Amino acid sequence: FLLDIHKLDTPPHGFCSDLDCGDEAAQTVMNCFDASWATDESIMCDEQSFEENSSAYGFWSATLRNPTWRHGRCYYYANWARGQGIPDESRISNDFPHLTDVESQGVDNSILRGK
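Cut-off values and rules
- Residues numbered from 1 in each chain as written.
- Predicted model: local features only at pLDDT ≥ 70, side-chain atom pairs only at ≥ 80, totals over all residues.
- Heavy atoms only, no water.
- Helix = DSSP H or I, 4+ residues; strand = E, 2+ residues; numbered from the N terminus.
- Buried < 20%, exposed > 50% of the residue type's maximum accessible area, 1.4 Å probe, protein only.
- Polar contact = N/O pair within 3.5 Å; in protein donor to acceptor, adjacent residues only side chain to side chain.
- Contact = heavy atoms within 4.5 Å.
- Disulfide = S-S within 2.5 Å.

Peer 1: Sorry, what's going on with the side chain of Asn53 here?
Peer 2: With respect to the helices, strands and loops of the structure, Asn53 is situated in the loop between helix 3 (47–52) and strand 3 (56–60). Given a relative accessible area of 19%, Asn53 falls into the buried group. In terms of polar contacts, Asn53 uses its side chain to reach the side chain of Asp34, at 3.1 Å. With near-sequence residues (within four places) excluded, Asn53 lies in contact with Asp34 and Arg91.

What follows is the structure, encoded as structure tokens:
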């Protein structure tokens, strides 16, 4: 049913590419912290926490850097405006793996970057 709605010929591949649960999958690989001079403290990844705390930041999990793991397009869910519980890219301290590589090949990812 969902494949028909989205006009897909084949099921999507990748952890964050699931049509029903991709956004939740992306949330599991995004970590949020409050930066401090000693140690950064884990915080909830919600927009209010980021509005109230200018030192809050998101960080993509290191698991996404494993080249053998099919993570899909987790970065599609970044930016509060998408309503998926992932901070705006400007508040994520590490770039999503491979996004910069794709851009270096001339692919326009401005929509993914909230521009």
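What follows continues from the structure just given.
Peer 1: Would you mind going over the state of the cysteines with me for this structure?
Peer 2: As used here, a disulfide is simply a covalent bond connecting the sulfur atoms of two cysteines. Evaluation of the coordinates by the stated rule reveals two disulfides. Between the sulfur atoms of Cys16 and its disulfide partner Cys74 the distance amounts to 1.9 Å. Residues Cys16 and Cys74 share a disulfide whose torsion about the S-S bond is about 80°; that sign makes it right-handed. Placement of the pair is Cys16 in the loop between helix 1 (2–5) and helix 2 (22–28) and Cys74 in the loop between strand 3 and helix 4 (99–104), with a sequence separation of 58 residues. Just as Cys16 is buried, Cys74 falls in that class too. Across the disulfide, Cys32 is cross-linked to Cys45 (sulfur-sulfur distance 1.8 Å). Note on the Cys32 and Cys45 pair: the S-S dihedral is about 110°, so by sign convention the disulfide is right-handed. In this pair, Cys32 sits in strand 1 (residues 30–34) while Cys45 sits in the loop between strand 2 (41–42) and helix 3, placing the two residues 13 residues apart along the sequence. The connectivity of the disulfides in the chain is 1-4, 2-3, where the numbers refer to bonded cysteines in sequence order.

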